[in-house]
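# Geometric and topological summary
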Amino acid sequence: MSAETEALNEQIRQSVALLRRHLDWDAAIGRLAELNNQVEDPALWNDAAAAQKLMRERTRLAGGIEGVQRLEREVADAMELAELAEAENDASMVADAVRSLRAMADESKRREIESLLSGEADGNDAFLEVNAGAGGTEAQDWAEMLLRMYSRWAEQHGYKLTLIEESQGEQAGLKSATVQVSGPNAYGWLKTEAGVHRLVRISPFDSAARRQTSFASVWVYPVVDDTIEIEINEADLKVDTFRASGAGGQHVNKTESAIRITHVPTGIIVACQTDRSQHRNRATAMGMLKARMYEAELQRREAASAATEAAKTDIGWGHQIRSYVLAPYQMVKDLRTGVETGNPDAVLDGSLDDFMAASLAARVGATRSEASATAN
């Protein structure tokens, strides 16, 4: 057996062992069987909220258990294939087995980091908001690039993306945009991206082709469900209506269906223009407001609210979490974790997992290797 094959097998084996420990395997198997029995009870849906909560727990447990079992089966098959291929001296089959093991190693590493998603709202969907910093067209173009980057990341991971609101730039790009990202652990992954992002490049809008630095902010907050109580006093709200921006001609929005809600005590502002119905836009905007207020409470619990609010006051120097340099050299570097790459094109095309994993591990107070050692 080749050294690479053995090393990959050992890496996957260690990850699977960590995942089993994190799940508390025997207890998880018993709990899933219990939940499956409850699902078959016809009276379950008499209480819709309780049923939905049970189904979410069942889905989460089943996904974790089935993921580990599938990894174990596939690595056993790949190792058997590798042994057979080496015995027959079939280089092509050996290469196929190694490729399979590499893919499984990548998946096991992702699942291992994902197992650290233990925050109160980590499993929820997420709202992601991008805002251009000072700098006019340059910053607005950078904001649009960031939105595309996160859209590509979401597509690559099977998440659904819904545009909630956008404000176009005067010449190009976006002043701001908000999307909802729906899928397992969307908030848990994306929360690591909140902060100011800095771009250095030769400006495509400068006839002199000078190098420019642009800033844009990304803020992420969890979608909250009806089981989380958020009290909002209607007297604290300022509600404005406006016409949604969009294509002209027969599709132009001739009514003021878009909604902007300001929560006066906190200064939180949300907007929605995704629907032609003002009523539905208001309902979506209220959901976003609740999510923003809930996220603020989570931040306070993490004792990070002061730092976050300070960063939000200035989308510029000294507040960035990541730098994307396209000229005079090429590099993307996360200033919190030190993770960097010389392939910014791949990052801007959605390859963000390494940055997210490192930041997530840092948030929970352990690197991936330390987490593995603790589990062992």
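The structure we're discussing is the one just above.
Attention in this report is confined to the structure presented alongside it.

### Description of the overall build of the protein
A count of helical and extended segments in the protein gives 11 helices and 11 strands. The 376 residues of the protein split such that 45% are buried. Across the protein, the fraction of contacts at a sequence separation of at least 24, relative to all contacts at a separation of at least 6, is 66%.

### Description of the sheet that holds strand β7 (residues 258-263)
Overall, antiparallel pairing links the three strands, which are arranged β6-β7-β8 in an open sheet. Sheet topology places β6 (237-242) and β8 (268-272) at the edges, where each strand pairs with a single neighbour. Strand-to-strand twist of the sheet, defined as the mean angle between neighbouring strand axes without regard to direction, takes the value 15 degrees. Where β7 and β8 come together, five bridges link them in antiparallel fashion. Paired with Ile 261 across the strands is Val 270, a residue of β8.

### Notes on the side chain of Ser 176
Among the structural elements, Ser 176 can be located in strand β3 (residues 174-182). Ser 176 gets classed as buried once you look at its relative accessible area, which sits at 14%.

### Describing helix α2 (residues 25-39)
Relative to the 21 Å expected for 15 residues at 1.5 Å per residue, α2 spans 21 Å between its end C-alpha atoms, a close match to the ideal helical length. Listed as buried for α2 are Trp 25, Ala 28, Leu 32 and Leu 35. All buried residues of α2 lie within an arc of 80 degrees about the axis, which places them on one face of the element. Opposite the packed face of α2, turned more than 90 degrees from it, sit the exposed residues Asp 26 and Asn 37.

### Remarks on the packing of aromatic side chains
Counted according to the given criterion, the structure contains three aromatic pairs. Seen in terms of ring centroids, Phe 127 and Tyr 221 are 5.5 Å apart; in terms of plane orientation they differ by 40 degrees. Their pairing is tilted. Placement of Phe 127 in strand β1 (residues 126-132) and of Tyr 221 in strand β5 (residues 211-222) is noted, with a sequence separation of 94 residues between them. The pair formed by Phe 127 and Tyr 221 is uniform in burial state, with each residue classed as buried. Taking the centre distance of 4.9 Å and the plane angle of 70 degrees together, the rings of Trp 142 and Tyr 324 count as edge-to-face. Here Trp 142, found in helix α5 (residues 137-156), pairs with Tyr 324, found in strand β9 (residues 320-325); they are 182 residues apart in sequence, far enough to count as distant. For the residue pair Trp 142 and Tyr 324, the accessibility class agrees, reading buried in each case. Looking at Arg 20, its charged tip hangs above the ring of Trp 25, at a distance of 4.2 Å from the centre.

### A look at the sheet that holds strand β2 (residues 160-168)
The strand order across the open sheet built from eight strands is β2-β3-β1-β5-β4-β9-β10-β11, with neighbouring strands paired in mixed fashion. Edge positions in the open sheet fall to β2 and β11 (340-341), since each of these has one partner strand only. Here β1 pairs with β3 via six bridges, running antiparallel. Note on β3: the bridge partner recorded for Val 130 is Ala 177. Against the sheet, α5 touches β1, β2, β3, β4 (195-202), β5 and β9, its axis set at about 45 degrees to β5.

### Notes on the nonpolar core
Judged by nonpolar contacts, the single largest core of 61 residues is most densely connected at Leu 146, Leu 190, Leu 289 and Tyr 324. Sorting elements by how many residues they give to this core places α5 first, with nine residues. When sequence neighbours within four positions are dropped, the list of residues in contact with Leu 190 reads Ala 126, Leu 128, Tyr 150, Trp 153, Val 181, Val 220 and Met 356.

### Things to note about unusual backbone geometry
The omega torsion of the bond from Ala 327 to Pro 328 falls at 10 degrees, within 30 degrees of zero and hence cis. Relative to the helices and strands, Pro 328 resides in the loop between β9 and β10 (331-334). Of note in this structure, Asp 24 is not a glycine but carries a positive phi near 55 degrees. Looking at the element boundaries, Asp 24 is found in the loop between α1 (3-23) and α2. Among the residues examined, Asp 24 registers a relative accessible area of 48% and is labelled partly exposed. Even without being glycine, Ala 209 reaches a positive phi, approximately 55 degrees. You can see Ala 209 is positioned in the loop between β4 and β5.

### Details of the packing of α1 against helix α3 (residues 48-87)
One can describe the packing of α1 onto α3 by two numbers: an axis separation of 11 Å at closest approach and a directional angle of 160 degrees. Regarding the angle of α1 to α3, the classification is roughly antiparallel. The crossing of α1 and α3 is left-handed. Listed contacts from α3 to Thr 5, Asn 9, Ile 12, Val 16, Leu 19, Arg 20 and Leu 23 of α1 are Leu 61, Gly 64, Ile 65, Val 68, Leu 71, Glu 72, Val 75, Met 79, Ala 82 and Glu 86. Class assignment for the residues of the contact of α1 with α3 results in 11 nonpolar, three polar and three charged.

### With respect to a negative patch on the surface
Together, Glu 6, Asp 77, Glu 80 and Glu 83 make up a negatively charged patch on the protein surface. No other element matches the three residues that α3 contributes to the negative patch. By secondary structure assignment, the location of Asp 77 is in helix α3.

Definitions and cut-offs
Residues numbered from 1 in each chain as written. Predicted model: local features only at pLDDT ≥ 70, side-chain atom pairs only at ≥ 80, totals over all residues. Heavy atoms only, no water. Helix = DSSP H or I, 4+ residues; strand = E, 2+ residues; numbered from the N terminus. Buried < 20%, exposed > 50% of the residue type's maximum accessible area, 1.4 Å probe, protein only. Contact = heavy atoms within 4.5 Å. Pairing = 2+ DSSP bridges. Axes fitted to C-alpha atoms, helices over the stretch in contact; angles between N-to-C directions. Expected span 1.5 Å × (residues − 1). Arc of directions from axis to C-beta. Phe/Tyr/Trp six-rings, centres within 6.5 Å; stacked < 30°, edge-to-face > 60°. Lys NZ or Arg CZ within 6 Å of the ring centre and 35° of its normal. Core = buried A, V, L, I, M, F, W, Y, C linked by side-chain atoms within 4.5 Å. Parallel < 35°, antiparallel > 145°, perpendicular 65-115°, else oblique. Left-handed = near helix turned anticlockwise from the far one by under 90°. Nonpolar A, V, L, I, M, F, W, Y, C, P; charged D, E, K, R; others polar. Patch = residues over 30% accessible without salt bridge, like charges linked within 9 Å, V, L, I, M, F, W, Y side chains within 5 Å. Areas by Shrake-Rupley, 256 points an atom, 1.4 Å probe, with all protein chains shown as cover. Salt bridge = Lys/Arg side-chain N within 4 Å of Asp/Glu carboxyl O. Lys, Arg positive; Asp, Glu negative; His and termini not counted. Charge placed at Lys NZ, Arg CZ, Asp CG, Glu CD.

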